[in-house]
Amino acid sequence: PHTHAYAKNKPHSSSMTVHTGTDGDLDAVAERVAALLKQRQESVGVCEATSGGLINAALQGVPRASSYLRGGMSIYSVVASKGLLPEDVRRQLGRPRDNYQSPPIYHESKKTFCLVLGRHTRERFGSTWAITESGATEAEGLPPQLRGAGVFTAVAVVGPNGEEHSKLIVLPSDRSPDRRAAMRAFAQAGLDLLEEVLLKSGTSKL
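Note that the coordinates shown come from a computational prediction; the quantities given were computed from them, not determined experimentally. (Residues numbered from 1 in each chain as written. Predicted model: local features only at pLDDT ≥ 70, side-chain atom pairs only at ≥ 80, totals over all residues. Heavy atoms only, no water.)

Turning next to the environment of Leu85. Assignment of secondary structure puts Leu85 in the loop between helix H3 (78–84) and helix H4 (87–92). When its relative accessible area of 3% is taken as the criterion, Leu85 is described as buried. As for Leu85 and Ile75, which are separated by ten residues in sequence, their C-alpha atoms are 8.9 Å apart. (Helix = DSSP H or I, 4+ residues; strand = E, 2+ residues; numbered from the N terminus. Buried < 20%, exposed > 50% of the residue type's maximum accessible area, 1.4 Å probe, protein only.)

Listed below in structure tokens is the structure:
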């Protein structure tokens, strides 16, 4: 699938299915992303939910990570959201009673969530790029009306000059992985998107 650059408040996204990878796959894409960022003298901030910090950990695991990784946040609960996000950002995320009406609406709300967090993360960390993630690792843990959403996540990359990209990742329903495998798959999907964006965006925009 392809992603597209678009202006703020004009979101465009694409959906895809992915298979779960291994820790080695996650490390490999993190190393490629790190090399691109260092080559371009650019930086990234991370905000993730369902992947539980794995994106940030994979990037931090590459030597000299401080040269490109500005920092990361894990916002998995309402308590974390209230503690880490300003009120005006939380208002942009919408109300649960609206977001939880149906699986398609829930999917859309997660894409909105990632884009809003991407803009905030990039501003908060002063980074060139922001990568964000949020989804569900276990469909059975969702409210009954949302279980049709499946095991999924949304990932987004927000960059300079209003450049924004997002994808919806839905894992195959006939062989959904365990929780940890889903978390790894979501983290890799986020890093894959960032790598794709960096490769397509040309030279540094600093």
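Additional details are given in the paragraphs that follow.
As a further point, take the pairing of strand E6 (residues 164–170). The element E6 is largely enclosed, with a buried count of six among its seven residues. Strand direction decides the pairing type here: strand E5 (residues 152–158) and E6, joined by seven bridges, are antiparallel. Its bridge partner lying in E6, Ala154 is registered against Leu168. In sequence, E5 turns back onto E6 through a hairpin of five residues, with Asn161 there showing a positive phi of about 60°. (Pairing = 2+ DSSP bridges.)

What follows concerns the layout of surface pockets. Reported here for the largest pocket is a volume of approximately 790 Å³. When residues of the lining of the largest pocket are traced back to their parent elements, those giving at least two are H3, helix H5 (96–99), helix H6 (103–125) and strand E4 (129–136). With four residues, H6 is the largest single contributor of residues to the lining of the largest pocket. Classifying every residue of the lining of the largest pocket by side-chain character gives twelve nonpolar, ten polar and six charged. (1 Å grid on protein atoms, 1.4 Å probe; cavity = no way out; pocket = protein on both sides within 12 Å on 5 of 7 lines; lining within 4 Å. Points joined across faces, edges and corners; volume = space filled by probe spheres on them. Nonpolar A, V, L, I, M, F, W, Y, C, P; charged D, E, K, R; others polar.)

What follows covers the pairing of strand E2 (residues 44–48). Side-chain direction in a regular strand flips from residue to residue, so the side chains alternate between the two faces of the sheet. Among the five residues of E2, five are classified as buried, and the element is accordingly described as predominantly covered. The side-chain alternation of E2 yields two buried faces, one formed by Val44, Val46 and Glu48 and the other by Gly45 and Cys47. Judged from the five bridges that link them, E2 and strand E3 (residues 69–74) form a sheet pairing that is parallel. Residue Val46 lies in a different strand from E3, and its bridge partner there is Gly72. As paired strands, E2 and E4 are joined by five bridges and run parallel to one another. Directly across from Gly45, in E4, lies its bridge partner Ala130.

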